[in-house]
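Close look at the chain arrangement
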Amino acid sequence: MNSGIPASAVIPVATPEYIEKVKCYHDENFAAVNSALGNIEKQLRKSLSKNDESGELTFTRLYTMMLGVWCEARLHKLLYEKGVFSEDERHFVYSVSSLGERWQRALELGLKKHLGFKIGDEISKKTVKFSIFNLYEEIREWISEHFAPAITLRNKIAHGQWIKPFTNTQGEWLNTKNFSICGSSIASLKNENVLTTTIKVQLIKEISVTINNLAVDSHVYKAENFDERYGVVSSIIEKLASADYPAFKQSISGTFKPPA
C-alpha cells in the first residue's frame, strides 16, 4: 500500500527532550485558552447584569466558540501528560481528523492501557468485564452527546454563522443552493448561554479527568473509583438537563454596579 511518503524519506523521531518541549507548548496554550474562557464568562455576566442584549449575544457566541477551542486544547494537554501516552498512541489519536473522534480514541486508549491491552486489541463484551464495558460505552455516549455539538458550534461561529448557521459549506461551492439553513444548529445556538456553557465546561473537565485516570494510574483507580467518576459526571449532566436560564438571567439582571 502506498502511504504517500517516498521510500527514501526519513521521518525524524522525536527525542524525549523535544516531546517535553512540545508538552510545555500545549500546557501554555491550554493555560491561555482556559484564562480566556474565564474572562469571556465574566464579560458575559456583566452584559447580563446590565441587560445589554447586544453584549449578551456577542459574548454568548464567543463563550460558545471558546468551549470548542477549550475542548481541543484540553485534548492536546491530555495527550502530552507525563506518563500517559506514547508516540505510537498519540499517532493513533492524531491519525483521525475529527476532534470528536480523537476524544473517542483517547478514551479507547485510556481503557486499553488500564486493562493492559495493546492498541490493536478489541474492546467488547467478550474481552472485558460487563461493568467496565458499560462504563466505556457510557463515556463514549457522553463524548458524542456533549463534545461533538460543542465542536460543531465552534466551527459555525468561527465562520460567521452567528444567527443563521448553514449546513456544511466548507467544501466545493457550486451555486447559491449550497447555502441552506441548518435547523439543528439554529436550535443549538438558541440553547447556548452562560449557564449551559459553564456546566459543559465542568462536564468536559470531569470526562477528561476520567480518561486521564484510566490511562495513568490503573493500579490505583479501580472499579469503585469509576463508579465515583460516573456519579460526578452524571450529576453534572442532570444539572445541564435541568438548567433554567430564564430564572438565572432574571436573578443576575440589574445587579451590575459600575466601578466608582
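We now turn to the structure provided with this report. (Residues numbered from 1 in each chain as written. Predicted model: local features only at pLDDT ≥ 70, side-chain atom pairs only at ≥ 80, totals over all residues. Heavy atoms only, no water.)

Attention now moves to the overall build of the protein chain. What the protein chain contains, in helices and strands, is nine helices and zero strands. When the helices and strands of the protein chain are read in sequence order from the N terminus, they spell out α-α-α-α-α-α-α-α-α. Taking all 260 residues of the protein chain together, 41% fall into the buried category. Considering only residue pairs separated by 6 or more positions, the protein chain has 69% of its internal contacts joining residues 24 or more positions apart. Total accessible area on the protein chain stands at roughly 14,700 Å², and carbon and sulfur atoms take up 54% of it. (Helix = DSSP H or I, 4+ residues; strand = E, 2+ residues; numbered from the N terminus. Buried < 20%, exposed > 50% of the residue type's maximum accessible area, 1.4 Å probe, protein only. Contact = heavy atoms within 4.5 Å. Areas by Shrake-Rupley, 256 points an atom, 1.4 Å probe, with all protein chains shown as cover.)

Across all of its chains, the model carries eleven salt bridges by this definition. A salt bridge links Asp 27 to Lys 23; the shortest N-O distance between them is 2.6 Å. Residue Asp 27 and its partner Lys 23 are both found in helix H1 (residues 16-49); the two are separated by four residues, about one turn of the helix. Residue classification places Lys 23 among the buried residues on the basis of a relative accessible area of 12%. Through salt bridges with shared partners, one network takes in Lys 23, Asp 27, Lys 77 and Glu 81. (Salt bridge = Lys/Arg side-chain N within 4 Å of Asp/Glu carboxyl O.)

All right, on to helix H7 (residues 194-216) then. Helix length check: H7 (23 residues) gives 33 Å between terminal C-alpha atoms against 33 Å at 1.5 Å per residue, within 8%. When you tally the buried positions in H7, you get 18 out of 23 residues, the bulk of the element. For H7, the capping residue at the N-terminal end is Asn 193, with a side-chain oxygen 2.9 Å from the backbone nitrogen of Leu 195. (Expected span 1.5 Å × (residues − 1). Polar contact = N/O pair within 3.5 Å; in protein donor to acceptor, adjacent residues only side chain to side chain.)

Attention shifts here to the packing of helix H5 (residues 130-158) against helix H6 (residues 183-191). Their axes nearest at 11 Å, the elements H5 and H6 cross at an angle of 95°. When the axis of H5 is compared with that of H6, the two are roughly perpendicular. Where H5 abuts H6, its residues Thr 152, Leu 153, Lys 156 and Ile 157 lie against Ser 185, Ser 188 and Leu 189. In terms of residue class, the contact of H5 with H6 is made up of three nonpolar, three polar and one charged. (Axes fitted to C-alpha atoms, helices over the stretch in contact; angles between N-to-C directions. Parallel < 35°, antiparallel > 145°, perpendicular 65-115°, else oblique. Nonpolar A, V, L, I, M, F, W, Y, C, P; charged D, E, K, R; others polar.)

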